[in-house]
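Below, each chain spelled out in residue letters.
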Amino acid sequence: MKDVIMALLAGVFVGILFKMLRLPLPAPPVLAGVIGIVGVYVGGVAGEWLQNMFRG
């Protein structure tokens, strides 16, 4: 849980910094970003499952 809170705080800090510097936010549109993150997670889980399946 500590990792999640630290990641959230880092994201908030970066978001505030980019707005203060009047830069575009370094994030994709909300839905596309969330779907992309879910896809990366599912791919990692599937990759681990496939490795375990072929190892024995």
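Structure report, in brief. Remember, predicted model here, so these are calculated numbers, not experimental data. Sequence order as written defines residue numbering, which begins from 1 separately in each chain. Residues qualify for local features only when their pLDDT is at least 70, as the model is predicted, and side-chain atom pairs are given and counted only at 80 or more; totals for whole chains, interfaces and linings, by contrast, use all residues. In computing side-chain values, all of the structure's heavy atoms are included and hydrogens and water are not.

**A few points about the overall build of the protein chain**
Link 1 in the chain: A tally of helices and strands in the protein chain yields two helices and zero strands.
Link 2 in the chain: Here the C-alpha atoms of the protein chain give a radius of gyration of 16 Å, more than 25% beyond the 10 Å that 2.2 N^0.38 yields for 56 residues.
Link 3 in the chain: Projected onto the principal axes, the alpha-carbon positions of the protein chain cover approximately 55 × 25 × 15 Å.
Link 4 in the chain: The buried label goes to any residue with under 20% of its type's maximum accessible area, the exposed label to any with over 50%, and the partly exposed label to all in between, with areas taken from a 1.4 Å probe on protein chains only. Counting every position in the protein chain, which comprises 56 residues, the buried fraction comes to 2%.
Link 5 in the chain: The protein chains shown are the only cover counted for residues, whose accessible areas, like all others here, come from Shrake-Rupley with a 1.4 Å probe. On the protein chain, roughly 5,300 Å² of surface is accessible, and the fraction owed to carbon and sulfur atoms is 76%. Under the DSSP-based scheme used, a helix requires at least four consecutive residues in state H or I and a strand at least two consecutive residues in state E, with every element numbered from the N terminus. In this description the radius of gyration comes from C-alpha coordinates, and the expected globular size is given by 2.2 Å times residues to the power 0.38.

**Focus on helix α1 (residues 2–20)**
Link 1 in the chain: For a helix, the expected span equals 1.5 Å multiplied by the number of residues minus one. The first and last C-alpha atoms of α1 sit 27 Å apart over 19 residues, in line with the 27 Å expected at 1.5 Å per residue.
Link 2 in the chain: Burial of α1 is sparse: only zero of the 19 residues sit out of reach of the surface.
Link 3 in the chain: Positioned one or two residues after α1, R22 has a phi angle of 55 degrees, which is positive.

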